[in-house]
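Structural characterization, general
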Amino acid sequence: VEFDHAGMVSLAMSREFAVLWKHLRWEAEIGVTKWFGDQTHWEFTSAVVARWVTFPWNDHVATTIAVGDGPSFATEPPRLEKKNFDEAKRLQNYVFFELTFGLPRFPQWDFVIRLHHRSGIFGLLGGSGSSVPAVGLKYRF
């Protein structure tokens, strides 16, 4: 694992559009990310998200696990992807893996741990990519 000198601030909005049984929610998400440090571009993402919502301890700590997939568009080829892979594409596949934790008495708020990943899908969209571990807060309207 190699860490570069860059960070990101993201804002995303999602909307549930289906429920499978009582355990699995389907969501649509759009997001915007501003990069800073060694790369300063903007990134726009969208994803279809599958979220598992039932765990036996949810009465104590509300927990979900999710995976999302869709396109990622960078306003310029990301410098660190170019540095690490000798090329960088503006359009890549976006995948994220997410865990949320919340207190049942504050149902609108969750603590989020997410892996934000851009991928060339094994050369289909180019040979570059990047992964960023992230933490944040989620608020439900």
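Further up the page is the structure itself.
Small disclaimer: the values here were computed from a predicted structure and weren't measured. (Residues numbered from 1 in each chain as written. Predicted model: local features only at pLDDT ≥ 70, side-chain atom pairs only at ≥ 80, totals over all residues. Heavy atoms only, no water.)

Some remarks on the pairing of strand 5 (residues 91-102)
The condition that has to hold: Should DSSP find at least two bridges between two strands, the strands are taken to pair. In DSSP terms, a helix is any run of H or I states spanning at least four residues, a strand is any run of E spanning at least two, and both are numbered starting from the N terminus.
Here twelve bridges tie strand 4 (residues 62-74) to strand 5, and the two strands are oriented antiparallel to one another. Bridging across to strand 5, T64 finds its partner in T100. Judged from the nine bridges that link them, strand 5 and strand 6 (residues 109-119) form a sheet pairing that is antiparallel. Across the sheet, the residue bridging to V95 is H117, located in strand 6.

Considering the environment of H60
Stated formally: We call two residues in contact when some of their heavy atoms are within 4.5 Å.
Structurally, H60 is set in the loop between strand 3 (42-52) and strand 4. Separated by 44 residues in sequence, H60 and P104 place their C-alpha atoms 6.7 Å apart. Contacts of H60, omitting those with residues within four sequence positions, involve L103 and P104.

Notes on the pattern of salt bridges
Applied cut-off: Just to be clear on terms, a salt bridge is a Lys or Arg side-chain nitrogen sitting within 4 Å of an Asp or Glu carboxyl oxygen. Accessibility here uses a 1.4 Å probe with only protein chains present; expressed as a share of the type maximum, an area under 20% marks a residue as buried, one over 50% as exposed, and anything in between as partly exposed.
The full count for this structure, using the stated rule, is ten salt bridges. Here E27 ties to R25 by a salt bridge, and the two come within 3.5 Å at their closest N and O atoms. This pair shows no difference in class: E27 is buried, exactly as R25 is. The partner of E76 in a salt bridge is R79, with the nearest N and O atoms 3.9 Å apart. Here R79 falls in the partly exposed class, since its relative accessible area comes to 41%. Each of the salt bridges in this network shares a partner with another, and the network as a whole consists of E16, R25, E27, E29, R51, E98, R114 and K138.

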